[in-house]
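In case you want the letters, here they are:
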Amino acid sequence: MQKTGTSKEMFIIKALEKILQERETKKPHHSQLRKACQDALDEAKKQCQANGEPAGDGSSVLPLPKQDSTGFRADKYLLPFELACQSKSAKIIVTALDCLQKLIAYGHLTGDVPDLTATTAGQRQIDRIVQTICGCFTGAHTDEEVQLQILKAILTVLTSQHVEVHEGTVLQAVRTCYNIYLASKNLVYQTTAKATLTQVVNVLFMRMESQAAGQAAADGAPDGQAESPPAPAEAPVGPPAGPEAVVRPLLDELVDSVVRAEAAATETTASVSSEPRENGSERSSGPNTPKLNRRHSQGSEDASENDMMTAKFSHILQKDAFLVFRSLCKLSMKPLPDGTPDPKSHELRSKVLSLELLLSILQSPGPVFTTNDMFITAIKQYLCVALSKNGASSVPEVFQLSLAIFLALLANFKQHLKKQIEVFFKGIFLNLLETPSSSFEHKWMVIQVLTRICADAQSVVDIYVNYDCDFAAANIFERLVTDLSKMAQGRQIGQEQLGVTLTQERSIRLKALECLVGLLKCMVEWSRELYVNPHSQTNLDTDREAPDEPASTSLTTYGSQSSLPSSTPQQYESLKHKKEIWEQGIDMFNRKPKRGLAFLQEQGLLEATPDSVAAFFHDDHRLDRAVLGDYLGDPDQHNREVMYAYVDRLDFNDRDFVAALRLFLDGFRLPGEAQKIDRLMEKFASRYCECNPNQNIFASADTAYVLAYSIIMLTTDLHSAQVKHKMTKDQYIKMNRGINDSKDLPEDYLSQIYDEIAGNEIKMKVTASAKPGKQVAQSEKQRRLLFNLEMEQMSHAAKSLMEAASHVQAEFTCATHVEHVRPMFKLAWAPFLAAFSTGLQDCDDPLVDELCLDGIRCAIRIACIFQMKLERDAYVQALARFTLLTANAAITEMKAKNIDTIKTLISVAQTDGNYLGSSWLDILRCISQLELAQLIGTGVRPQHQHQHQQARGRAPDGHRFHFLESIDFTGTAERRMASVVESMGETNSQSVVVAVDRIFTGSIRLDGDAVVDFVDALCHVSRDELAQAQPRMFSLTKLVEISYYNMGRIRLQWSRIWKKLGEHFNRVGCNPMEEISFFAVDSLRQLSMKFIEKGELANFRFQKDFLRPFEYIMKSNRSPTIQDMVVRCVAQMVNSQARNIRSGWNNIFSVFHLAASGHDENVVELSFQTTGSIISTVFENHLAIVIDSFQDSIKCLSEFACNAQFPDTSMEAIRLIRSCARYVADSPHLFRDHNIEDKTIPEEDRVWVRAWFPIMFELSCIVNRCKLDVRTRALTVMFEIIKTYGMTYRQHWWKDLFQILFRIFDNMKLPEQQSEKAEWMTTTCNHALYAIIDVFTQYHDTLQPILLEPLYSQLHWCVRQDNEQLARSGTNCLENLVISNGVKFRPETWDQTCACMLDIFNSTIPHQLLTWRPGKPGDAAAEPKSPLEPPAEIMSRADSMHSINSIGSYSNDDKNRKIMKMKVHQDHDLFASLLIRCVVQLELIQTIDNIVFFPTTSRKEDAENLALAQAEALRQRLSDDAQQREDQGMYPYLSAGQLFQLIDCLMQSHRFAKRFNADHDQRNLLWRAGFKGNAKPNLLKQETQSLACALRILFRLYADEQRRPGWPQVEQRLIATCREALEYYLSLQSEAHRDAWVALLLLFLTRVQKMDDERFRAHASNYYPLLCEVMCFDLKPELRAVLRKFFLRIGPVFGITPPATT
């Protein structure tokens, strides 16, 4: 250790001796230097001798760094070196600096002791050493060797680990290097100085970051220890051999240190020795960061400012870096001289160097620099303001460096610089792009920067989210895209842009296109999580990589709260929409203020209150300030209130008057109208006095008002170019005399106002809407001048905005959600499309074409991913248009770019097929035409089929393919064809052909929705192809291919595909050209065979959907050839695939059903043979597999049976239906167990719904449709089935069955066709009627509770129809029904039966016979109707013994006159209806008689009565055997009340007939009108038969022992009825009329005579006088004999004569 210390002393001795040996040292003026050197030399030698070594044995080489500090201190030898540095001798200075540099480098000189000679407290010795070193540089005349030694010494001091310098010392060292760089004229030394500065700056920031990292590691380490960083490289020692020898080591060292700094900044685990914090202060966490002032040197620093800054830093190293950074920022802000600066000028070189150093700091910032509040504040307040000045510099080098620094800020500090970034974009970059006077170099540099920005997806999305979605920010993304689109189209770099060559124009257009494509690629990259490649292994979502973050992750935000919330993309999109509305309202306000405000209020964005409107005027700087001034000055009351609220929002507290006026006029421009200005100034004066009540200058607000007005006038006078003679200060003071309440304001006060206004004009503040003017220069010189002026304006505006934004805390949102791309693209898709379309259309440059196609491809990808249909279709259509395949252009015009477009279109189809949707149509149209072009490319010459085109015409809605129509194949056809073949040769390349095929083969990889869209589009194109004059089947063939490819898809997807394909095959199968239809049917056959091979599970319907086109083609295509083909295809499927067919049987039977009604014998025979084979084999052995199609099979057989051209087939079809009924009866469980689509049908009813009902229904259809023999056979089979299997039918099935049976009588609803209807009535109706009665009787117990009432209603309806045969059939059917089943009726059933007959009676009485008059035709519909309304079915009954013309009538012999008859058409219809009603009345009377007494009983009784009377007249006696016993009929089952109901009906009919027969005038009127033929109309039969039937019932009741309790009532009613009858008889005038009553009187008298004496006595006493009157008539012998017998009995009964002896 002693030896080491001696070596140090020897090194100092040598240095001192060298200084003393210098010639300059020996000069008198250096005496102090010599003395100091000598004293130090003596001291050193003494020290050496004390250590035991001779003074002259020392080496000149400095030893290794000391191991301790106790042996030797070099600090005490500092004075001679300090004096040497102050000398004027270069050699002495070099020697001294070299010695100091080595001592410091090797740690022998630390200077960490206080400097006792310093005047500043706290200064250390090392600070004095650095001042000494820096003081060696005295300007540009300083010796170059001295400059080099200064640089070496400074570099050693600032990079050494043995000394510490901070704050002002560091700044002084940096400033010295800076000055050396500027002052040196030697390029080598300039480079050395620059390298030294770069290394010093990097070391400063590296040490700051390392210290922070080490402190963090030490705080986290258990033992509190941290590793020390590697030592920096040592400075060179020896003198340089030459300039290169000096510069090279420094540069190498600089590079190494920068690399180490970058490594240290990125290593989070690196640590350094912890150094103590000065003042022990922490960083402040306060929200507001104060603005920092520049500090020139340590000696001049203000103590309070020093304390404040130190409190903000955790370590002194951070403060050092901050001071250097701030100094560099301020150096970069120094203005350049006017005009074009000299590249070698100090000002320009200083600015460039400071910007370069700042750039080196910002390109690799560490954590401390990027997060410390002081550095962030410095960037805002200093760097950004500097960039706002330099970013608008006309010097390219300065502008380029500013752009580079901006990129670094954007990459590393954007979360802190939201407002600043906005100013850069809207105030500088975009303005430079938009202004026509800017130079190409500036635009080129801007667009290069934009290219880098547009290549970063995060930056692009962040720009949109933070600015375009922020109410308070400009639409930077939208404006950027618009400007780039215009540049890409050449709209901003055309002829108006002077000095731009074609090459430059091409370059900048390419760069703009590159930017646009970069933006789109960023969007694609951002949304890559949503994209599914159809060529991946599966089309499901499971194969996509999981995103780095969940889709719902909230946005990461920085800074304090602001107007942008951390919200979902939908909320941002909503915010953007509101912003667009807001901007629309602002635009409207700038044109018409009131309309704009009304619009914003209607949209709910602005309240109508004055306070809200005033706040809007204050906050939004996009408003036109001139318009705003006019609005505020308007005299309208609302405007005045808004103006008051606007001014009241201004705070004038503690402001002087001029400052308050400036603040007032900052927000708007004063209007030109004096009255408006007066109102504004008045309110301003009032507000100022209100805010400053304690000011002692103004006596009242009037003074402030006048003074404000005078200041405005002074501003206009002093700063307006139109005022030639400016106002002087004295004039101004004089003008304002007496304004302060008749007193003067202080002259000094007015003088200050004048000076301030003269020096600083009152102007509006610069707003965000300020833009440079767009003037068009006429020459290059004028353009440059205009450019410089605009750059100056931009610089001033940007600087003002930047300074205003430096204290604003704005939140920056870091976008993370993929959904942001949707509104971005929706906003910008149109400018993108315009740029790409223009590029493809106007330019043949391969690079331009490549960029445009790449951009369109990306745009389609984005539109597809986010399902933006309009945008996607627009881009795909544009791409298709530029292929020229579908355009109205000649094929010979196709160029290389069109071929590339075709390839791009194919690529889009392959990569984005899952998202194309309806855009597949445009792509497949191009591919269709591409196939035709490929044919032409091979030399195939299309033949125009003009005849076919004229015959078929062109499809009205088809898409026409134009690009071949312009080719003329006549004349010079060979040359034209050769040109076409050459042009289309590339489209026929193997790559294109394979790519096209891959689209179709790749359809299996499309997802479910995409493949449906693909198939739909292909079907559409196929229709267009087939609709051409020259039909093509390219797409139809491809449809068949993709059907094969995709048949393996899941059934749900395949069903959707086939829905489209099936509809298309339906159309194609019906094409008028048989070869096309034949191809479609054959393709369907092949596909169907393959599909059916896969089989089908129960209850599915895929086969049914698949085979439906066969059914449609068979129905719609009337070509026998095609129909035969369809039938043969279906027959082949049945023969080969019957075991696999399930739901397809429905279609098969439907096809055969359609074939069954045809006229082609071969088609009908083949289809029936196949159907018969199915019924006999499949139904017999495998009924379960066709169970779902059972109904279709029956319907098919019914159609065969109804084909009148093939009667044998009809009979055989009915036989097969009967066989099907047997299958149903044998296997009903199959229909019950099998599931059906309608789950609402109970299991027990399924056999009826699916089997029995179809059989019965189709048989009834055969009955209604076929000829007599076929329908008779069908009717027989139907009732055989009912009678055979009816016992298995459930009760409610019979309701449906009878509805079917009633359908047989539907023929009655048809118009009258006498011949056919007569045959129908006499055959089928009678057959069916009696069969129905038989069925009802056979299954009466089941049917009576449910079907009797509907049956009665049906009979009632039949009787009421204006059809005689139908009416007779109805009454006869009622009679047969009751007689056959009456014994089983319950009392309530008889009530129902009687009520039915009563309704029929009441509704069929022909009342209009009594009221009809000529010219007033009645309406049969007006007759009273029954409340029972039957169903639609009708029933017919067989003829009864009555007919319309059978109404008995007797004509008077003396009537021989002619009767005129009025036969009007209406009267004829009415008379026919009335006649039918008369017949019905007779039929009903007979029906009641037959029901009560059984048929023929009454006629037999009348015959017996007549025979007895005749015998009595002849005095003969009949034997007892001739007496007929009374048949009981249904009488025993009817109650007395029911019988009385029937009697009432009969008496009502009787009385109506009497009334009509007694009205001779009405009868004559009807007779003359032609009613009832040539005889006078009468109702004698109705009159007599109704009364006879009623009397029989009464006499039967009177004789019934079982009804004895009712005899008195019966007797009373019987006597009354008989008296009424006799009285009427006595009133008859006509002999013929009386003759009609003979049988009735015989019945009456015979029944009365059979009574016992007691009853006879009661009756005879009532009839005796009347009968005596009867004797006066000329009676028939039979009647006289019965009366004789009656009177003879009166004697004994009443005791007049003795009883006769037997």
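Rules used throughout
Here the residue index of a chain counts from 1 through its sequence in written order. Totals for whole chains, interfaces and linings use every residue, but because this is a predicted model, local features are given only for residues with pLDDT of at least 70 and side-chain atom pairs only at 80 or more, for both listing and counting. Note that water and hydrogens are dropped before the side-chain values are worked out from all heavy atoms of the structure. Runs of H or I in DSSP of at least four residues are treated as helices and runs of E of at least two as strands, each being numbered from the N terminus. For each residue, the accessible area found with a 1.4 Å probe, counting protein chains only, is set against the maximum for its type, and the residue is called buried under 20%, exposed over 50%, and partly exposed in between. Contacts are residue-level and defined by heavy atoms, with any inter-residue pair within 4.5 Å sufficient. Expected helix span is given by 1.5 Å per residue-to-residue step, counting one fewer step than there are residues. Within this scheme, the nonpolar core is defined by two criteria: the residues are buried Ala, Val, Leu, Ile, Met, Phe, Trp, Tyr or Cys, and they are joined through side-chain atoms within 4.5 Å. Stacked, tilted and edge-to-face are the three classes assigned to paired rings of Phe, Tyr and Trp, where Trp is represented by its six-membered ring and a pair needs centres within 6.5 Å; plane angles under 30 degrees give stacked, over 60 edge-to-face, the rest tilted. Think of it as a cone above the ring: NZ of Lys or CZ of Arg counts as a charge over the ring if it is within 6 Å of the ring centre and within 35 degrees of the ring normal. The working definition used for a salt bridge is a side-chain nitrogen of Lys or Arg within 4 Å of a carboxyl oxygen of Asp or Glu. Angles shown run from 0 to 180 degrees and are taken between the N-to-C directions of axes, each axis being a line fitted to C-alpha atoms and, for helices, limited to the stretch in contact. Reported orientations rely on four angle classes, namely roughly parallel under 35 degrees, roughly antiparallel over 145, roughly perpendicular from 65 to 115, and oblique for the rest. Residues are grouped as follows: Ala, Val, Leu, Ile, Met, Phe, Trp, Tyr, Cys and Pro are nonpolar; Asp, Glu, Lys and Arg are charged; all remaining types, including Gly, are polar. When two cysteine sulfur atoms lie within 2.5 Å, the pair is treated as a disulfide. Crossing handedness is read from the near helix: turned anticlockwise from the far helix by less than a right angle, it gives a left-handed crossing, and turned clockwise, a right-handed one. Fitting axes to the seven residues that end at a residue and to the seven that start at it, the angle between those axes gives the bend at that residue. A score from 0 to 100, pLDDT tells how confident the predictor is in each residue.

Caption draft 1: A look at the overall build of the protein chain. Broken down by element type, the protein chain carries 67 helices and 2 strands. Among the 1702 residues that make up the protein chain, the fraction classed as buried is 55%. Sequence-distant contacts, at least 24 apart, represent 76% of the contacts inside the protein chain between residues at least 6 apart.

Caption draft 2: Examining the environment of E1349 more closely. Relative to the assigned elements, E1349 resides in helix α55 (residues 1340–1360). Overall, the relative accessible area of 47% leaves E1349 in the partly exposed class.

Caption draft 3: Structural context of unusual backbone geometry. Residues other than glycine seldom take positive phi values, yet Q867 does so here, at roughly 55°. Turning to its location among the elements, Q867 is positioned in the loop between α33 (846–865) and α34 (869–881). Despite not being glycine, L884 has its phi angle at roughly 65°, a positive value. With respect to the element layout, L884 can be found in the loop between α34 and α35 (896–911).

Caption draft 4: Representation of helix α30 (residues 747–759) in the model. When the terminal C-alpha atoms of α30 are compared, their 18 Å separation across 13 residues agrees well with the 18 Å that a helix rising 1.5 Å per residue should span. Within α30, the full set of buried residues consists of Y749, L750, S751, I753, Y754 and I757. Against the buried residues of α30 lie α26 (657–666), α28 (701–719) and α29 (729–735).

Caption draft 5: Structural context of the nonpolar core. Residues F477, W1252 and W1294 are the most contacted members of the largest nonpolar core, which totals 397 residues. With 13 residues, the top contributor of residues to this core is helix α20 (residues 502–526). I581, W582, Y749 and I753 belong to the second-largest nonpolar core, a separate cluster that totals 59 residues.

Caption draft 6: View of the environment of V461. Within the secondary structure, V461 is located in helix α18 (residues 457–468). For V461, a relative accessible area of 1% gives the class buried. Apart from the residues lying within four places of it in its own chain, the contact partners of V461 are W526, A815, H820 and M824.

Caption draft 7: Spotlight on the packing of aromatic side chains. Taken as a whole, this structure holds 59 aromatic pairs when the rule is applied. Ring pairs connect the aromatic residues W1248, W1252, F1253, F1257, Y1285, Y1289, W1293, W1294, F1298, F1302, F1336 and Y1339, which therefore count as one cluster. Sitting over the face of the ring of Y644, K683 holds its NZ or CZ atom 5.1 Å from the ring centroid. Above the ring of Y1531, the side-chain terminus of R1603 is found at 4.5 Å from the ring centroid.

Caption draft 8: Expanded view of the pattern of salt bridges. If you walk through the whole model with that rule in mind, you get 45 salt bridges. In this structure, K676 and D630 form a salt bridge, with 4.0 Å as the shortest nitrogen-oxygen distance. Residue K676 is located in helix α27 (residues 674–691), and its partner D630 is located in helix α24 (residues 625–633); the two are separated by 46 residues in the primary sequence. Under the relative-accessibility criterion, K676 is labelled buried at 13%.

Caption draft 9: View of the packing of α18 against helix α21 (residues 569–591). One way to put it is that α18 packs onto α21 with a least axis distance of 10 Å and a crossing angle of 55°. Regarding the angle of α18 to α21, the classification is oblique. When α18 is examined against α21, the residues Y464, V465, Y467 and D468 are found in contact with a partner set consisting of Y572, K576 and K579. Of the residues contributing to the contact of α18 with α21, the split by class is 4 nonpolar, no polar and 3 charged.

Caption draft 10: Fine view of the state of the cysteines. Within the structure shown, the criterion is met by 0 disulfides. We note that C843 lacks a disulfide partner, and the nearest cysteine sulfur, in C852, lies 7.9 Å from it. Between C1396, a free cysteine, and C1394, which holds the nearest cysteine sulfur, the sulfur-to-sulfur gap is 9.7 Å.

Caption draft 11: Layout of the packing of helix α48 (residues 1190–1201) against helix α49 (residues 1207–1226). At a closest axis distance of 7 Å, the pairing of α48 and α49 adopts a crossing angle of 155°. Judged by the inter-axis angle, α48 sits roughly antiparallel to α49. Where α48 crosses over α49, the handedness of that crossing is left-handed. Here F1190, I1194, L1197, S1198, F1200 and A1201 of α48 come into contact with α49, specifically with T1209, S1210, A1213, I1214, L1216, I1217, C1220 and V1224. Of the residues assigned to the contact of α48 with α49, the class counts are 11 nonpolar, 3 polar and no charged.

Caption draft 12: Local environment of the environment of P1699. Within the secondary structure, P1699 sits in the segment after α67 (1677–1694). In this structure, the C-alpha to C-alpha distance between P1699 and R1689, residues 10 residues apart in sequence, is 8.7 Å.

Caption draft 13: Looking closely at helix α14 (residues 373–390). Given a rise of 1.5 Å per residue, 18 residues ought to cover 26 Å, and the 24 Å separating the end C-alpha atoms of α14 matches this to within 8%. I379 marks where α14 bends most, by close to 35°. Among the 18 residues in α14, 16 count as buried, and that is most of the element.

Caption draft 14: Quick peek at the confidence of the model for the protein chain. Across the protein chain, the average pLDDT comes to 75, with 74% of residues at 70 or higher. Low pLDDT, under 50, characterises residues 221–251; the stretch is placed with 51 contacts to residues that sit more than four places away or in other chains. Low pLDDT (under 50) marks residues 943–971, which in the prediction has 60 contacts with non-local residues, meaning those over four places away or in another chain.

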